[in-house]
Amino acid sequence: MNERDVKRFRGRKKYFYDRLSAPKQKAYRILYQAVCERKREAKLPLGGVEEVKIVITALRYDFPDLIFVDFSRAISVMWNTVPVEFEIPYCFPLKECEKKQQFFEQKCRKVVNKLQKKYKGDFPLEVMLYAWIIRNVEYGTAPQEMWKGQTAYEAMILGRAVCHGIAALFKVLADMAGIEETLIVSGKMRSGHNPKGESHSWNIVKIQGKYAHLDVTNDGFFIETPENTKVKYPCGIWMNVTDKEARKRYKWDTEFFPSCHSPEVSYCAMLGNVARTEEEILKMIQKCVRSKRRYFTIRLAETGEWEKPEPELVLKVLRRTWTGTSHITYVWDEMLSIMSVMFTNK
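This section reports on the structure supplied with the text.

Scoring rules and cut-offs
- Residues numbered from 1 in each chain as written.
- Predicted model: local features only at pLDDT ≥ 70, side-chain atom pairs only at ≥ 80, totals over all residues.
- Heavy atoms only, no water.
- Helix = DSSP H or I, 4+ residues; strand = E, 2+ residues; numbered from the N terminus.
- Buried < 20%, exposed > 50% of the residue type's maximum accessible area, 1.4 Å probe, protein only.
- Contact = heavy atoms within 4.5 Å.
- Areas by Shrake-Rupley, 256 points an atom, 1.4 Å probe, with all protein chains shown as cover.
- Pairing = 2+ DSSP bridges.
- Axes fitted to C-alpha atoms, helices over the stretch in contact; angles between N-to-C directions.
- Right-handed = clockwise from strand over helix to strand, strands pointing away.
- Expected span 1.5 Å × (residues − 1).
- Salt bridge = Lys/Arg side-chain N within 4 Å of Asp/Glu carboxyl O.
- Patch = residues over 30% accessible without salt bridge, like charges linked within 9 Å, V, L, I, M, F, W, Y side chains within 5 Å.
- Lys, Arg positive; Asp, Glu negative; His and termini not counted.
- Charge placed at Lys NZ, Arg CZ, Asp CG, Glu CD.

**Topic: the overall build of the chain**
So, step 1. Counting its secondary structure elements, the chain contains 14 helices and 14 strands.
So, step 2. Residues classed as buried in the chain amount to 53% of the 346 residues present.
So, step 3. When contacts within the chain are restricted to residue pairs at least 6 apart in sequence, long-range pairs at least 24 apart make up 62% of them.
So, step 4. Here the chain displays about 16,900 Å² of accessible surface, and carbon together with sulfur accounts for 48% of that area.

**Thoughts on the sheet that holds strand β3 (residues 84-87)**
So, step 1. Reading across the sheet, the 3 strands line up as β1-β3-β2 and stay open at both edges, with antiparallel pairing between neighbours. If you trace the sheet from one side to the other, it starts and ends with β1 (41-44) and β2 (78-79), each paired once.
So, step 2. Each of β1 and β3 is contacted by helix α3 (residues 22-36), which is oriented at about 170 degrees to β1, the strand it contacts most.
So, step 3. Along the sheet, helix α4 (residues 49-62) makes contact with β1, β2 and β3, crossing β3 at roughly 60 degrees.

**A short note on the pairing of strand β12 (residues 295-300)**
So, step 1. Burial within β12 is extensive, with 5 of its 6 residues counted as buried.
So, step 2. Crossover strand β11 (residues 274-275) to β12 through helix α13 (residues 278-290) is right-handed.

**Section: unusual backbone geometry**
So, step 1. The omega torsion across Val-82 and Pro-83 is 0 degrees, close enough to zero to call that bond cis.
So, step 2. In this fold, Pro-83 is placed in the loop between β2 and β3.
So, step 3. Although it is not a glycine, Arg-38 adopts a positive phi angle of roughly 55 degrees.
So, step 4. Its place among the elements puts Arg-38 in the loop between α3 and β1.
So, step 5. Unlike most non-glycine residues, Asn-240 shows phi in positive territory, near 65 degrees.
So, step 6. Inspection of the secondary structure puts Asn-240 in strand β9 (residues 239-241).
So, step 7. For Asn-240, a relative accessible area of 0% corresponds to the buried category.

**Topic: helix α6 (residues 94-118)**
So, step 1. Compared with an ideal rise of 1.5 Å per residue, which puts 25 residues at 36 Å, α6 spans 38 Å between its outermost C-alpha atoms and is within 8% of the ideal.
So, step 2. Among all positions in α6, only Cys-97, Gln-101, Phe-104, Glu-105, Cys-108, Val-111, Val-112 and Leu-115 are buried.
So, step 3. Those residues of α6 that are buried lie in contact with α1 (3-11), α7 (122-136), α8 (152-158) and α9 (163-177).

**Some details on the side chain of Asp-65**
So, step 1. Relative to the helices and strands, Asp-65 resides in the loop between α4 and α5 (71-74).
So, step 2. If near-sequence neighbours (up to four positions away) are discounted, Asp-65 is found in contact with Arg-8, Arg-12, Gln-101, Phe-104 and Val-172.

**Some remarks on the pattern of salt bridges**
So, step 1. For the structure shown, the criterion picks out 17 salt bridges.
So, step 2. Across the pair Asp-65 and Arg-12 runs a salt bridge whose closest N-O atoms are separated by 2.8 Å. Here Arg-12 lies in the loop between α1 and α2 (15-18) and Asp-65 lies in the loop between α4 and α5, a separation of 53 residues in the sequence.
So, step 3. We classify Asp-65 as buried; its relative accessible area is 8%.
So, step 4. A network of salt bridges, in which partner residues are shared, links Arg-4, Asp-5, Arg-8, Arg-12, Arg-38, Asp-65, Glu-98, Glu-105, Lys-171 and Asp-175.

**Observations concerning a positive patch on the surface**
So, step 1. Side chains of Lys-107, Lys-110, Lys-114 and Lys-118 sit close together on the surface and give a patch of like positive charge.
So, step 2. Topologically, Lys-107 is positioned in helix α6.

Here it is, written out as structure tokens:
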């Protein structure tokens, strides 16, 4: 491996690697080296295909910036031997791999450098990385259907990805920005048409020393807006939420991932937009209107002075305050008692 590959491995927090057994950690290191050196085959000192799947998943989640290998095809080209042998299926011709990798990393670094010049501190950077993805990536698969939208490469270079690719890109950018720790989480998400849950990926991030869940996909790509209006901000509903809040919508391996129990780092809490009285709602909205912000998000605290939080309460206060000519579009999340409001021109 070259010095850059060694430095990347040593410098990266490897949450998934750290939780593997010693034999799997050895296999992980062998696979990482083989990928970096663009070897055609690898021998992993493991007892079977299922163990190899665990190692591949760990490497894919710790290093989503590695774009050389189509991990989805890797399982299909294994040989049933001990140690397990398999051909490494690269995403590009080998002579193109280094060029593609450098281009991807340069694009990511350019975004991070630009934001770091303007925004200081983990939370402002987290919000703006979040916002950058929402503005510049579309949900879905690219026409090429390279890896079905599952990679950070597709999200950044092709500008289109599904939830896993979006979560992977957020981790890549957050790692580059020096945010303390960012994980990719895969589990189940309840939805209106599938209450039992469908496969979904999101992130856990460590902000100010506290772990919290965040879901870029649901915060920016499935928000109801007027026709032909693109959301350009994180609505903040599913940004930095606790385990207790996340369980209302998501299912994941709670024993494997770190606990998230710090409501003080939530999007609304960090902005000071958690209201406990109607008067506090009024003050928050007045502040937003004076600053001419086009978006704002308010949370009604569970300990607030109302029997049942309702969106009409926020709208009532908003009508007392807002005298502009813009359309008002809002999203009310009943699970968390959060309203995100957007003003758009008529």
